[in-house]
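# Coordinates in review
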Amino acid sequence: DHETPVIAVHPSRRVSKINPNIYAGFTEHMGRCIYGGIYDPGNPLSDENGFRKDVLGALKELDIPVVRYPGGNFCATYHWLDGVGPKDQRPSRPELAWLGTETNEFGTDEFMKWCEELGTEPYLCFNFGTGTLDEALAWVEYCNGTGNTYYANMRRKNGREEPYNVKYWALGNEVWGPWQVEQMTKEAYAHRAVQWAKALKLLDPSLILILCGQDGTATWDYYTLNQCLLPAHSALSTSAVPLIDMHSIHLYTSSNEHLPNATAPLAAERAIEITSSLIDLARIENKVPPSQPRPTICFDEWNVWDPIRAEGSLGAEESYTLSDALAVAVWLNVFVRKSRDLGMACIAQSVNVISPLMTTPEGIVKQTTWWPLYLFSRFMRGWTVSAHVSCGTYEGETAPVWLRSAVQTPWLDVSASVGEDGFANLAVVNIHEEKSFETKVEGVSGQVEVFTVTGEGVAATNMKGKEEVAIAESKWDGQGLYAFPKLSITLMRWKAE
Ligand code: AHR
């Protein structure tokens, strides 16, 4: 700990392309995410569609490429047909994931319209609980059909002539979980996933199908990848159409203590590495030809979440702290570092439910975790470039406990990128509660723009009516050492190419 820390950035050493979809969102029919979140008809802040304009405006700042919908666990009993057509004829139904009543006032067409307003692509999740393959095929036809067919015509009758061209579809959500109304065994799931994938790709070979994994390190992941990553099915038109395009994994991290909380996202880095190996292993064992595209990982639920400490309905309305903002920044560093393997990552969720953005009837609040998300989504695009940090490491307790022996936890957690604009970007998270680190930053040149997110202490929050954690902009001449403040996120930018 006594030596001067060094961060060496090599903007010309590109590691891999960053898929913009790592900045994806997620809106579920859960708590106040849809109703009272993105959709609030009658509120003066809403437009003629009932969409909250302040929410749309804020989310536009995040430049979100894809949004997942309608769940989550909600999918497991959702029948999409309930949510289309004239609103006054849509049925209200008991909802079994979150034990409420679903009015179906907001459904597929409303979501598509909202996505168009936001300038984002939809990602839909099939009902693998009480749903059928017929229903899934009909949903794809409703969204994407161009012919003179029943469900494509139903969409036209409901007011939408052009297809929505929904690309991303998930083969169920957390179907392994005991909380599902219809929990599946890995054997039953793998069989069903392959059969559904075949039928869905026969209907529309351009679909991107996402397999339901667990946390990337489970027997479930090993088994389902092994059974489902097969050479292209002979029924499909060409060998360039794989059955499965992505493997979904989920992880939520949290601890009531700052350092285990801020370092916990490093577990996601190990999970990505393990999943990536499982994908290779399955392809080797199944003799998948190398010409068939390698599936990527879809980290379609990630965040800091402790349902016990969270207030509000369903333990979902987190009041995020500075510690959580640092943890989210470490999560995002992980995604940038692991860009080679990631096809998508969706923060769970986009509004009110475990979210950086909260609504009241009168307005919105940007939580502490908003700022790292904003900075990364705005700047950390293009290519991951090589970056190395040498500094002391945190040696204390970790959550989960296995993390301590599996990864290094440096006080400064870093990632770096170079964008299409030729700017190099360096993100540095200093998780230390007392120390600012005077650091040598190698590879910088010229004037450096600096964005800093910090606050008074680990418990600082924006939920008490005042913004305790915000962003500050400054400049640095790139000379000498740079002091990364204690408990801070720093994003540096300079012209590199
Ligand atoms: O994001 C909240 C919930 O967490 C999702 O519905 C579910 O998939 C996960 O367990």
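Preceding block: the structure.
For the structure given in this document, a descriptive report is provided here. Keep in mind that this is a model prediction, so the values were computed, not measured.

Rules of the game
- Residues numbered from 1 in each chain as written.
- Predicted model: local features only at pLDDT ≥ 70, side-chain atom pairs only at ≥ 80, totals over all residues.
- Heavy atoms only, no water.
- Near = heavy atom within 4 Å.
- Polar contact = N/O pair within 3.5 Å; in protein donor to acceptor, adjacent residues only side chain to side chain.
- Areas by Shrake-Rupley, 256 points an atom, 1.4 Å probe, with all protein chains shown as cover.
- Nonpolar A, V, L, I, M, F, W, Y, C, P; charged D, E, K, R; others polar.
- Pairing = 2+ DSSP bridges.
- Helix = DSSP H or I, 4+ residues; strand = E, 2+ residues; numbered from the N terminus.
- Buried < 20%, exposed > 50% of the residue type's maximum accessible area, 1.4 Å probe, protein only.
- Right-handed = clockwise from strand over helix to strand, strands pointing away.
- Phe/Tyr/Trp six-rings, centres within 6.5 Å; stacked < 30°, edge-to-face > 60°.
- Lys NZ or Arg CZ within 6 Å of the ring centre and 35° of its normal.
- Axes fitted to C-alpha atoms, helices over the stretch in contact; angles between N-to-C directions.
- Contact = heavy atoms within 4.5 Å.

### Here's the deal with the site of the ligand
- The environment of the ligand is made up of 13 residues, and the closest members are Glu28, Asn73, Glu174, Tyr252 and Glu301.
- Within the side chain of Asn173, one N or O atom sits 3.0 Å away from an oxygen atom of the ligand.
- Within the side chain of Tyr252, one N or O atom sits 2.7 Å away from an oxygen atom of the ligand.
- The fraction of the free accessible surface of the ligand (280 Å²) that becomes covered by protein chains is 94%.
- For the shell around the ligand, a count of residues per class yields six nonpolar, four polar and three charged.

### So, the pairing of strand β13 (residues 363–366)
- Pairing of strand β12 (residues 357–360) with β13 involves four bridges; the strand directions are antiparallel. If you follow Leu357 over to β13, its bridge partner there is Lys366.
- Two successive antiparallel strands, β12 and β13, enclose a turn made up of two residues.

### Looking at the pairing of strand β8 (residues 208–212)
- Among the five residues of β8, four are classified as buried, and the element is accordingly described as predominantly covered.
- Bridge count between strand β7 (residues 168–170) and β8: three bridges; the pairing is parallel. Directly across from Tyr168, in β8, lies its bridge partner Ile208.
- Each parallel crossover has a hand, and for β7 linked through helix α5 (residues 186–203) to β8 it is right-handed.
- One ladder, built from three bridges, connects β8 with strand β9 (residues 246–253); its direction is parallel. Paired with Leu211 across the strands is His247, a residue of β9.

### Here's the deal with the packing of aromatic side chains
- In this structure the tally under the stated criterion is 32 aromatic pairs.
- With centroids separated by 5.3 Å and ring planes inclined at 65 degrees, the aromatic side chains of Tyr39 and Phe106 adopt a geometry described as edge-to-face. Of this pair, Tyr39 sits in the loop between β2 (25–26) and α1 (53–61) while Phe106 sits in the loop between β5 (100–102) and α2 (108–118), and the two are 67 residues apart along the sequence. In this structure, Tyr39 and Phe106 share a single accessibility class: buried.
- With a centroid separation of 6.3 Å and 70 degrees between ring planes, the pair formed by Phe126 and Trp139 is classed as edge-to-face. Remark: Trp139 occurs in helix α3 (residues 133–144) and Phe126 occurs in the loop between β6 (121–125) and α3; sequence separation between them is 13 residues. Accessibility assignment for this pair places Phe126 and Trp139 in one class, buried.
- Residue placement shows Arg68 over the ring face of Phe26; its charged tip is 4.5 Å from the ring centre.

### Re the sheet that holds strand β21 (residues 488–495)
- Here we have nine strands laid out as an open sheet, ordered β19-β18-β21-β16-β15-β14-β1-β17-β20, and mixed in their pairing. Only two strands of the sheet have a single partner each, and these edge strands are β19 (470–476) and β20 (481–484). Each strand axis lies, on average, 30 degrees off the axis of its neighbour in the sheet, ignoring direction.
- Bridge count between strand β17 (residues 437–442) and β20: four bridges; the pairing is antiparallel. Residue pairing for β20: Lys440 is matched across the bridge by Leu481.
- Strand contacts of helix α9 (residues 322–337): β1 (6–18), β14 (382–390), β15 (412–418), β16 (423–430), β18 (448–454) and β21, with the helix running at about 45 degrees to β15, the strand carrying the most contacts.

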